[in-house]
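# Topology and contacts: notes
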Amino acid sequence: MVGVRRRVVGVVAVLAMVPLGLTGCGPLDGLVGQGAEPTPTPDEGPERARERVQAYLDAMRAKSVADGREQLCEPLRESFDQAATGPTGDFAKHFTVSAAKIVDVRANGADQDVSTSITVKVGGKAASTRILFTVARADGQWCIAKEEVGGHTPAPPSGTPTPEG
């Protein structure tokens, strides 16, 4: 029982650390497996970021390493290839992603931060964690540039009164 709990906690803690600390998109990103997207409109960033992260979450649930890799910026792909299906990788065989949802999308300079909530099951035990994806645009292509534990609290809907007024 204690071993299973430690395993679940370990998987959740390391789930987001596969590409931890790597940022930016590479100059070859538009040449490797992905065509350039049309020139973005000013409000397109949140939509494209949401699409990329949703595709990655769907790939995690389906255990589709190729589909997950496709969502990443070039600098993350090498570390992803080395760790994705390892014991603590996002696509490890010994656990399943039972739930994954996007909680919040917001601008972070030219990039977009996408907060998620992911529930992982190992041996019948489930644990949830929040993962923050940074989605950037490089060479005409939106891609996931960074993944780390954490995330933003959803912004209140527009028109909702604030505590000050």
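Here goes a summary of the coordinates provided. None of the values given here were measured: they were computed from a predicted structure.

Grouped together as the largest cluster of nonpolar side chains are 26 residues, with contacts concentrated most on Val53, Tyr56, Leu57, Val114, Ile118, Phe133 and Ile144. In terms of residue count, the dominant contributor to this core is helix 2 (residues 44–62) (six residues).

Enumeration according to the criterion identifies one disulfide in this entry. In this model, Cys73 is linked to Cys143 through a disulfide, with the two sulfur atoms separated by 2.0 Å. Judged by the torsion about the S-S bond (85°), the Cys73/Cys143 disulfide is right-handed. Here the residue Cys73 occupies a position in the loop between helix 3 (65–70) and helix 4 (74–83), and Cys143 occupies one in strand 4 (residues 141–149), the gap between them amounting to 70 residues. You can call Cys73 buried: its relative accessible area is 0%. The class for Cys143 is buried, based on a relative accessible area of 0%.

Sheet architecture is open: four strands sit in the order 1-2-3-4, paired in antiparallel fashion. The sheet terminates laterally at strand 1 (96–108) and strand 4, the two strands that pair on one side only. On average, each strand axis in the sheet is tilted by 25° relative to the strand beside it, whichever way the strands run. Direction of pairing for strand 3 (residues 125–138) relative to strand 4: antiparallel, over a ladder of eight bridges. Each residue of the ladder has a partner; that of Val135, found in strand 4, is Ile144.

About the cut-offs
Residues numbered from 1 in each chain as written. Predicted model: local features only at pLDDT ≥ 70, side-chain atom pairs only at ≥ 80, totals over all residues. Heavy atoms only, no water. Core = buried A, V, L, I, M, F, W, Y, C linked by side-chain atoms within 4.5 Å. Buried < 20%, exposed > 50% of the residue type's maximum accessible area, 1.4 Å probe, protein only. Helix = DSSP H or I, 4+ residues; strand = E, 2+ residues; numbered from the N terminus. Disulfide = S-S within 2.5 Å. Pairing = 2+ DSSP bridges. Axes fitted to C-alpha atoms, helices over the stretch in contact; angles between N-to-C directions.

Worth remembering: the numbers are spatial, not functional.
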